[in-house]
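If you want the building blocks of each chain, they are given just below.
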Amino acid sequence: MSLANPFRTVFRLPSRSQRINWFPGHMTKGMRQIQQKLRSVDCIVEIHDARIPIAGRNSQFFETITGNGVKPHILVLNKIDLLGGKQQRGILKQLRTHQPELKNILFTNCKDQRNTGVLDILPLATKLVGESSRFNRAQSSEHNIMIIGVPNVGKSSIINVLRNVHLKKRSAARVGAEAGITRSVGERIKIQEQPPVYMIDTPGILQPSITDDEMGMKLALVGCLPDHIVGEDLIADYLLYWLNKHKRYEYVKMLGLHSGPSDNISAVLAEYAQQQAMFHRVKQYNGQVEVMTNLLAAARKFISFFRTGQLGAINLDEESN
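Residues numbered from 1 in each chain as written. Predicted model: local features only at pLDDT ≥ 70, side-chain atom pairs only at ≥ 80, totals over all residues. Heavy atoms only, no water.

A. Quick peek at the confidence of the model for the chain. Scored by pLDDT, the chain comes out at a mean of 85, with 82% of its residues at no less than 70. At the low end of the mean pLDDT range in the chain sits helix α2 (residues 59–66), at 64; at the high end sits helix α11 (residues 295–307), at 98. In the predicted structure, residues 179–184 sits below a pLDDT of 50 and forms 23 contacts with residues beyond four places in sequence or in another chain. (pLDDT = per-residue confidence, 0-100. Helix = DSSP H or I, 4+ residues; strand = E, 2+ residues; numbered from the N terminus. Contact = heavy atoms within 4.5 Å.)

B. The arrangement of helix α5 (residues 155–167) in detail. Compared with the 18 Å implied by 1.5 Å per residue over 13 residues, the 18 Å span of α5 between its first and last C-alpha is a close match. Taking burial as the measure, the 13 residues of α5 include 10 buried ones, the bulk of the element. For α5, the set of buried residues is Lys155, Ser156, Ile158, Ile159, Asn160, Val161, Leu162, Arg163, Val165 and Leu167. Residues of α5 that are buried make contact with β1 (43–49), β2 (73–78), α4 (116–131), β4 (143–148), β5 (188–192) and β6 (197–200). Positioned one or two residues after α5, Lys168 has a phi angle of 55°, which is positive. (Expected span 1.5 Å × (residues − 1). Buried < 20%, exposed > 50% of the residue type's maximum accessible area, 1.4 Å probe, protein only.)

C. Representation of the UniProt feature "binding site: GTP" (unreviewed entry) in the chain in the model. Taking the numbering used here, the UniProt-annotated feature "binding site: GTP" (unreviewed entry) corresponds to Asn78, Lys79, Ile80, Asp81, Asn152, Val153, Gly154, Lys155, Ser156, Ser157 and Gly204. Summarising the element assignment, Lys79 is placed in the loop between β2 and α3 (88–98). The residues touching Lys79, leaving out its near neighbours within four places in the chain, are Asp49, Ala50, Arg51, Thr108, Asn152 and Val153. Summarising the element assignment, Gly204 is placed in the loop between β6 and α6 (213–222). Here Gly204 falls in the buried class, since its relative accessible area comes to 6%. (UniProt positions renumbered as here; feature names shortened; annotations may be inferred.)

D. Highlighting empty space enclosed by the protein. A complete count under the given rule lists one cavity of 30 Å³ or more for this structure. In this structure, the largest cavity encloses a volume near 30 Å³. Surrounding the largest cavity, Arg51, Leu82, Phe306, Gly309, Gly312 and Ile314 form its lining. For the lining of the largest cavity, the residue count by class is three nonpolar, two polar and one charged. (1 Å grid on protein atoms, 1.4 Å probe; cavity = no way out; pocket = protein on both sides within 12 Å on 5 of 7 lines; lining within 4 Å. Points joined across faces, edges and corners; volume = space filled by probe spheres on them. Nonpolar A, V, L, I, M, F, W, Y, C, P; charged D, E, K, R; others polar.)

Structure, rendered in structure tokens:
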């Protein structure tokens, strides 16, 4: 395909029935539990994926949780290692434009216990709690910090890192690579002795209905939704669309595409699968077994190149030129 030939400028799901709507029962239960525990919470730490600083962050939901700004709020953009430091200034500008009331923003890499962003969370939270009017908790020396955010952004990992750093104790919160590991609001997990600081882990909460197709696909691409809910073929197609729209053609070399940039995900995956000898046996309706290119395996590999940073630093919320 010639670069003069325009690529898609809008991403549309194949049908309305495929609109992403993933708000399982444990999220409804978790939302209720969060609201019940708010009276005993001194500070809210919202964890989000730095690669989607805006997408998936429901401002109405967080206004409800923070009590319209009554409770101190810190936004932690995790997985900054997949973006690099150069992107931080642009992301801060984006956030201040979209949500001017945001005052406390940290960038973290929860895989690195010496990461300055991670180490700044507790001092900043302690400072904000000290400066706030704690109302019914003014007499308590303990600080309760609630961790909230969408699924699979590193909430439990950050709790475990802080517990290890400040108390030299092993992990207390369950973590996993798939969205939805934490199913309910957890008990308090001690993070620090003086002053006593506890963190409360919560399940990832998405908006009940994701009406913006692109926002849903961004959440899926970074892994905030289970891959099988959306489909790896659709996630790979969105990634291809985004890369072409932003003139990011590194994938051509990465996938070894002799035909150059393309807007056709099936052709891209087929060429890559053939090159990498990704084949599988498929039994036909007449009983014959046919060897075919494994497009699903190719799609998973393409997605993994993005998720591991091999396609370069990508902020999915950046505007296209």
